Each structure stands twice: as structure tokens, then as C-alpha cells.
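Coordinate inspection notes
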Amino acid sequence: MRVHELSGLMLRAGIALLVALTLLGCGKKGPPVAPERRIPVAVSDLSAVVEGPAVVLTWSNPGTRADGTRLKDLTTIRIYRREDAGDGEPKPAMLSWGKVVGYDEIAAIRLAEPDPATVEGPRATWTDREKLTVGRRYVYVLTAVDSLGRSSSPSPRVALNFLAAPRPPDGLTATAGEGEARLAWAAPAHLVDGSPAPPTLGYEVLRAPSAAGPFAPGAPEAIAARDFTDRGLTNGQTYYYAVRAVRTEPGGRARSTLSAVAGATPVDLTPPSPPGSLVAVPAETAVRLAWNASPEEDVAGYLVYRAEAPGAAYVRLTPASITTTTYIDRTVERGKTYSYVVTAVDRAIRPNESARSQPAGATVP
């Protein structure tokens, strides 16, 4: 077969293949979607903060595409960084062939196995610890990539000056009170680069339900004092605390890593009201007591005391509290006069005992 005949056969076969593909495509419903409309939307809420010797990035992974449809196959978040001296506006972030021009890709977070990033629902956090220099500016952008390798546009840029952060506060203590925890700590003496810490540090107080966290702000903003009282707590529940030191300068802001954790369990310290209207009715072999209940809802019971002579000390008759408002003392002797008082105790972890009731006396006939 001649060469030109072979070329003709190949041309006709190619045309037939194109026609077949066109006919197969005719069964698709709706107009075709432009590729740029199927890309993931860009991350919109990237934030960055200097924390200790690192920069912590936080963002929300996108859940839709540019055409408004759900994004079910987001696979990767690419993190880009640019370092400069901080002069002027940061370089624009432009995407070309799936990369951000003029920025270095420093991480690719595979969402199937995000470690060392942490992902909780749509929120993600990643820490940059690589080759950060105090005094330099770092600019970050992210892109989101789906299972077909289609990349979103770059996120808005986040730029921050890398300040030397404070070291964590020292000696955090947490002292429990009634419905509160009183915290105190010492200021760090140095920054992470070894230089002296400025006296103008602020402090962020954080609280968690367990020593492992997660820690959330316990105060609305950083405070200048080195003590804090967390009020409105539930008695009997343990709360865990940590504190960060925050350095704020005209050129930026940096915070320490968390201090050591301290826990406190608030306790009920308020005793109930004393029982009222105690009466003692003697009989030949016993004295019957009755009184009005204390009004508090957390009263667990009552304790009965007796004195055997005027001015003598009262001795408790009930080994444990009783829940009734009556009591019969059968350990009496005929002809003797006794004085009685009653107290109320509550359900606190360390039960609080009320003041004594008014005494009531009785002479056994």
C-alpha cells in the first residue's frame, strides 16, 4: 500500500471517530459547563498569627464550586508563602498552571490524611515552623484543589511581620471559690529569641472542659493584669485553664504558646438557713423533737445536738444527717433537763452546715 493511500485511510478513520464521539455527546442534557465554572471557590477567611516560634494559619475549607454546586471531592489545600522586607504592598497572588506565581509552595494538606494539620468540620489549622526570621514579613495564600486537579483561585493574601513572641507565662494557679475560679500567674521574663520581654504584655485567658482541651477564650480580650476571676461557674464541675502572653507592637502582634494547665473545681460555700420553730416534748422515756424545714432546695438533711446541763457543750446525737423534721431521743434519764438544737446540712461536695436553731429545753418526768 502506498504511503498516500495509508494516510488517507488514517484521516478517514479519525473523522469517523470524531463523528462517533459527537453523536455520543448528543445525549447529554443541558448546555456544557465552562471548566472555569467547575473549579472550587477560593478560601475566603484565611487568618494567621505569630505564636511562639511559629505562624499558625486557620481557614475554612470551601464546600462549593464557582458555579454554586456542592464541592464533594475537595482533596488538597496548597499553602504558599512569600518572604520580603515588608516594604510596600505585598506581591499580588496570581495563579498560573496551578501554581501561585512568585510564591513558594510550602505545604500540601491532603484532607484524607491532614496530619500535621488539624481539621474539625470545615475548619482547618496548620502551623508553619520552617525558616522564619524575626523582622521579616511573610505573606500567605491558599488554593483548594479537587480530585481532578482543578485549582481554585488564590485566597486573599494574609501578611504579617514576624515578631519575637513572648515565652509562656509562669506559675499559673487556679483557686476554687463558690461559683468561680481565681487565677494568677507571673509574667515571662524573656521573648523566644532570648531578649527581655517588654513590660507592656497582655494576657489571654483560656478555659477547657478537660486538661487536653480544646481551650477557648475565657475572657473577651487580652488583659493587662496578671490575675483573673472566672465567675458564673457550676459548683462541683472542674474547669481547666491556660494563659497566653501577647506582645503588641506598631509593626505587628505575637502571642506565646500556652502556659502549663491548672484546674479548679468551684465549691458551694454557702450554708443553708437554720431550721425554725424547734420544740421538745418530754415523755417518761424519751423526748420528741419537731422543727420547721430550712427553705433552701439543696438541703440534704438535719443534725440533732443535745446538752445535758445549763452551759454544757452540745453533743451530736445523729451520726449522719436525717431527712425528716422529727426526732425521738430515747437516751434520756428521768428527772434530768436537756437542751436541744438542730442544724441543716446541704448537698455540696463538702457539705455546709447551717447555724444552730434556737434551743428547746425539756425535763423528763
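Here, the structure is the one placed above.
These remarks concern the structure in this document. Just so we're clear, the structure is a prediction, and the values are computed from it rather than from any experiment.

Rules behind the numbers
Residues numbered from 1 in each chain as written. Predicted model: local features only at pLDDT ≥ 70, side-chain atom pairs only at ≥ 80, totals over all residues. Heavy atoms only, no water. Pairing = 2+ DSSP bridges. Helix = DSSP H or I, 4+ residues; strand = E, 2+ residues; numbered from the N terminus. Axes fitted to C-alpha atoms, helices over the stretch in contact; angles between N-to-C directions. Phe/Tyr/Trp six-rings, centres within 6.5 Å; stacked < 30°, edge-to-face > 60°. Buried < 20%, exposed > 50% of the residue type's maximum accessible area, 1.4 Å probe, protein only. Lys NZ or Arg CZ within 6 Å of the ring centre and 35° of its normal. Core = buried A, V, L, I, M, F, W, Y, C linked by side-chain atoms within 4.5 Å. Contact = heavy atoms within 4.5 Å. Salt bridge = Lys/Arg side-chain N within 4 Å of Asp/Glu carboxyl O. Polar contact = N/O pair within 3.5 Å; in protein donor to acceptor, adjacent residues only side chain to side chain.

1. Re the sheet that holds strand 24 (residues 337–346)
- The four strands are arranged 22-21-24-25 in an open sheet whose pairing can be described as antiparallel. Looking along the sheet, the strands with just one partner apiece sit at the ends: strand 22 (315–316) and strand 25 (360–363).
- Here two bridges tie strand 21 (residues 299–307) to strand 22, and the two strands are oriented antiparallel to one another. From the neighbouring strand, Arg-306 faces strand 22, where its bridge partner is Val-315.

2. Here we look at the pairing of strand 1 (residues 47–51)
- In this structure, strand 1 lies alongside strand 2 (residues 54–60), joined through five bridges in antiparallel fashion. Directly across from Ala-48, in strand 2, lies its bridge partner Leu-57.
- Hairpin connection, strand 1 to strand 2: the antiparallel pair is bridged by two residues, and Gly-52 has positive phi, about 60°.
- By the bridge criterion, two bridges tie strand 1 to strand 17 (residues 252–255) in an arrangement that is parallel. The residue of strand 17 that forms the bridge with Val-50 is Ala-254.

3. Some words on the sheet that holds strand 15 (residues 227–231)
- Ordered by their spatial adjacency, three strands build an open sheet running 11-12-15, and the pairing between neighbours is antiparallel. Each edge of the open sheet carries a strand with a single partner, namely strand 11 (170–177) and strand 15. Sheet twist, expressed as the mean angle between neighbouring strand axes with direction ignored, is 15°.
- In this sheet, strand 15 lies alongside strand 12 (residues 180–186) in antiparallel orientation, the contact comprising five bridges.

4. With respect to the packing of aromatic side chains
- For the structure shown, the criterion picks out four aromatic pairs.
- Geometrically, the ring pair formed by Tyr-338 and Tyr-340 is tilted, given 6.4 Å between the ring centres and 40° between the ring planes. We note that Tyr-338, like Tyr-340, is buried.
- Taking the ring centre of Tyr-305 as reference, the NZ or CZ of Arg-356 above it sits at 5.8 Å.

5. Examining the nonpolar core
- With 26 residues, the main nonpolar core has Trp-59, Ile-79 and Tyr-140 as its most contacted residues.
- Sorting the residues of this core by element identifies strand 2, strand 3 (74–84), strand 6 (104–110), strand 8 (123–128), strand 9 (137–146) and strand 10 (158–161) as the ones contributing at least two each.
- Among the elements that take part in this core, strand 9 stands out by supplying four residues, more than any other.
- For Trp-59, the contacting residues outside a window of four places in its chain are Val-43, Asp-45, Leu-46, Ile-77, Ile-79, Pro-122, Arg-123, Ala-124, Thr-125, Trp-126 and Leu-142.
- Of all hydrophobic cores here, the second largest spans 20 residues; its members include Ala-197, Tyr-239, Tyr-241 and Ala-264.

6. What to know about the pattern of salt bridges
- Per the counting criterion, the structure on display carries 22 salt bridges.
- Between Glu-308 and Lys-336 there is a salt bridge, with the nearest N and O atoms lying 3.3 Å from each other. Here Glu-308, found in the loop between strand 21 and strand 22, pairs with Lys-336, found in the loop between strand 23 (326–329) and strand 24; they are 28 residues apart in sequence, far enough to count as distant.
- Taking the relative accessible area as the measure of exposure, Lys-336 reaches 25% and is therefore partly exposed.
- In the salt-bridge network here, residues are joined through shared partners; they are Glu-51, Glu-204, Arg-244, Arg-253 and Arg-255.

7. Let's talk about the side chain of Arg-137
- In this structure, Arg-137 sits in strand 9.
- A polar atom in the side chain of Arg-137 sits 2.8 Å from the side chain of Asp-84.
- In terms of polar contacts, Arg-137 uses its side chain to reach the backbone carbonyl oxygen of Gly-88, at 2.9 Å.
- Those residues in contact with Arg-137 that lie beyond four places of it in its chain are Arg-82, Glu-83, Asp-84, Gly-86, Asp-87, Gly-88, Glu-89, Pro-90, Ala-159, Leu-160 and Asn-161.

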